[in-house]
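# Structure at a glance
Now for the letters of each chain:
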Amino acid sequence: MDFNLTSDQRAVWQWARDFADKEIAPKVEENDQKAQFDFDLMKKIADNGFFAAILPEEYGGQAMDHISYALMTEEIARVDSSTRTLFSVQISLVEKPIMEWGSEAQKKHYLPKLASGEMIGCFGLTEPNAGSDAGNQQTRAVKDGDHYVLNGQKTWISNGTIAHVAIIIAQTDPSKGHKGMCAFLVDTDTKGFTSQKMGNKLGLKSSDTAELFLDNVRVPESAMLGKPGEGFKVAMYCLDQGRFSVACGGVGVMQACIDVSTEYAMEREAFGQKIGEFQMVQSMIADMAVDCECGRLLVLRAAHKKDQGVRNTRETSMAKLFCADAANRAAYNAVQVFGGYGFSEEYPVARIYRDARVLSLYEGTSQIHRIIVSHDELGLRAANGPGMPNNPIDRYSNPADLD
Ligand code: CAA
């Protein structure tokens, strides 16, 4: 087992770090205060090749591995969780599912444009009455000749108003439960498709969050992603990718908490000394550092599994659960280190604290991830597929060495 990065991975990490500090950081506070989505910043991200990160070169990608992708995502999140959400959705919830489930025609049509940022994508699963209970889709897709007609509503959709294409999960036959669900690639300029921005959020204020409305939206059969009845599996695949990216985001948030807290603790004085010299402040910083390192290792392990091409629902859920909750602990403690100033929007910790909260809500609440992990431990493996080894020695072995 080698814990060292390759020189390519190091270079990508440094490149993303420099970009985040130079291009994202100067605009974060203003975008947050005005609750505005930054189109100029999105263009810079696209022009610098971020959206092309992990796609194969034949589709306009840079063919990076998941470890590099994780490190890039961490760096963006260290500076801004809203920008990280844009990036995560584009790559993990849209590009990767098209790469995995798309027909060759779909890949050729969408992937180069998504990689260059000419197109932005979103993922439409959640509905007003189907959040954690993702199988309870009310959006309907009815076959009409060689087309499907979609009707329904989606909510809490990141990138929803800016997207050119949406992955829409819909039910074709409620009597079949999750086996009646289908996934579609819907161009957002299709007649009957509208979106509406959702405001009044606790955090992620400069992220684009929307409701989607589908009113007799007609799409050809060729718009289906995967086969009829595979919609739930496509959705779960999307989430296995998206959750990984959220976990990377949590690591970035923890690193940000450490950075701002250590700087402040070595500046601010109380009782005649730097507050960083007090053991109770040191204790909070130590907890952040341990959590951050644990989270990063969980993320990198999930990334390694993804690069091996083996099922990683368990590793991804563990990383998402831990990083989301630990980022919230870190943000709480960062505010604590700042004391009263932490309660003011004049310092970045208030925004970091607000933005961290969604990490344990979107893409599976922490409770959902405890279900996924515990079902795996208990041998109730519906969520992880049969044949996943429960023996830790097997888990840390190369799949090629296992029977
Ligand atoms: N990969 C592939 N297949 C999977 C899978 C996975 N990760 N998880 C489950 N499946 C398969 C199972 O193997 C099973 O297949 P069979 O019927 O062939 O055996 C099938 O799917 C049903 O599995 P379950 O019985 O486990 O399904 P369930 O109904 O009990 O639900 C759940 C499982 C884990 C609770 C799931 O519903 C879930 O993850 N819910 C949370 C949804 C969520 O995260 N929503 C947030 C979306 S965020 C968003 O949309 C906003 C945004 O823009 C960021």
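Not measured: the values here are computed from a predicted model.

## Quick notes on the overall build of the protein
The helix and strand inventory of the protein stands at 11 helices and 10 strands. Whereas a compact globule of 403 residues would reach a radius of gyration of roughly 22 Å, the protein reaches 21 Å, a difference of no more than 12%. Projected onto its principal axes, the C-alpha coordinates of the protein cover approximately 80 × 55 × 40 Å. Split into buried and exposed, the 403 residues of the protein put 54% on the buried side. Long-range pairs, those at least 24 residues apart, make up 72% of the contacts in the protein between residues at least 6 apart in sequence. Accessible surface computed for the protein: about 18,000 Å², of which carbon and sulfur atoms make up 53%. If you average the places of the 42 positive and of the 54 negative side-chain charges in the protein, the two averages end up 4 Å apart.

## Thoughts on helix α10 (residues 366-377)
Over its 12 residues, α10 runs 16 Å from end to end, which matches the ideal 16 Å to within 8%, given 1.5 Å per residue. Along α10, the positions that sit buried rather than exposed are S366, I368, H369, I372, V373 and D376. Here the buried residues of α10 occupy an arc of 160° about the axis, which is enough to place them on one side. On its buried face, α10 is in contact with α6 (231-265), α8 (313-338) and α11 (392-395). Taken from the residues just after α10, G379 is the one with a positive phi, measuring 80°.

## Describing the pairing of strand β2 (residues 140-144)
Bridge analysis of β2 against strand β3 (residues 147-158) gives five bridges, and the strand direction is antiparallel. For K143, the partnering residue across the bridge sits in β3 and is Y148. Here β2 folds back onto β3 in antiparallel fashion, the turn holding two residues, of which G145 has a positive phi close to 65°.

## With respect to the domain arrangement of the protein
One frequently used descriptor of interface size is the decrease in accessible area upon assembly of the parts. Domain boundaries in the protein define domain 1 (7-120), domain 2 (123-228) and domain 3 (233-397). For domain 1 versus domain 3, the distance between C-alpha centres works out to 20 Å. Between domain 1 and domain 3, roughly 2,400 Å² of surface is buried when both sides are summed, and carbon and sulfur atoms account for 59% of that area. If you sort the residues of domain 1 by the area they bury against domain 3, H66, E74 and W101 come out on top, with a joint share of 22%. Linking domain 1 with domain 3 are three salt bridges. Its salt-bridge partner being D32, residue R354 comes within 2.8 Å of it at the nearest N-O pair. Summed over the shared surface of domain 1 and domain 3, the number is 10 residue pairs in polar contact (both at pLDDT 80 or more). If you list the elements that add at least two residues to the side of domain 1 that touches domain 3, you get α1 (7-34), α3 (66-79) and α4 (81-101).

## A word on the packing of α4 against α6
Remark: α4 packs on α6, axes separated minimally by 9 Å, with the N-to-C direction vectors making an angle of 150°. One finds that α4 runs roughly antiparallel with respect to α6. The two elements α4 and α6 cross, and the hand of that crossing is right-handed. Taking contact as the criterion, the partners of S81, R84, S88, S92, L93, K96, P97, E100 and W101 in α4 are, on α6, K233, V234, Y237, C238, L239, Q241, G242, S245, V246, G249 and V253. Counted by class, the contact of α4 with α6 contains nine nonpolar, seven polar and four charged residues.

## What about the side chain of S261?
Here S261 lies in helix α6. Of note is the side chain of S261, whose polar atom sits 2.6 Å from the backbone oxygen of C257. Apart from the residues within four sequence positions on either side, S261 is in contact with I285, M288, A334, V337 and F338.

## Some words on unusual backbone geometry
At A63, a residue that is not glycine, the phi angle is positive and equals roughly 55°. Mapped onto the secondary structure, A63 falls in the loop between α2 (39-47) and α3. In this model, N200 sits at a positive phi of 55°, which is unusual for a non-glycine residue. Inspection of the secondary structure assignment puts N200 in the loop between β6 (193-197) and β7 (209-220).

## Side note on the side chain of T85
Examined against the element boundaries, T85 turns out to sit in helix α4. Among the polar contacts listed, one links the side chain of T85 to the side chain of Y362, at a separation of 2.9 Å. Setting aside anything within four residues of it in sequence, one finds T85 in contact with S158, L204, S207 and Y362.

Here is what the cut-offs are and how they apply
Residues numbered from 1 in each chain as written. Predicted model: local features only at pLDDT ≥ 70, side-chain atom pairs only at ≥ 80, totals over all residues. Heavy atoms only, no water. Helix = DSSP H or I, 4+ residues; strand = E, 2+ residues; numbered from the N terminus. Rg over C-alpha atoms; globule rule 2.2 N^0.38 Å. Buried < 20%, exposed > 50% of the residue type's maximum accessible area, 1.4 Å probe, protein only. Contact = heavy atoms within 4.5 Å. Areas by Shrake-Rupley, 256 points an atom, 1.4 Å probe, with all protein chains shown as cover. Lys, Arg positive; Asp, Glu negative; His and termini not counted. Charge placed at Lys NZ, Arg CZ, Asp CG, Glu CD. Expected span 1.5 Å × (residues − 1). Arc of directions from axis to C-beta. Pairing = 2+ DSSP bridges. Domains from an automatic or database assignment. Buried area = accessible area lost by both parts, 1.4 Å probe. Salt bridge = Lys/Arg side-chain N within 4 Å of Asp/Glu carboxyl O. Polar contact = N/O pair within 3.5 Å; in protein donor to acceptor, adjacent residues only side chain to side chain. Axes fitted to C-alpha atoms, helices over the stretch in contact; angles between N-to-C directions. Parallel < 35°, antiparallel > 145°, perpendicular 65-115°, else oblique. Left-handed = near helix turned anticlockwise from the far one by under 90°. Nonpolar A, V, L, I, M, F, W, Y, C, P; charged D, E, K, R; others polar.

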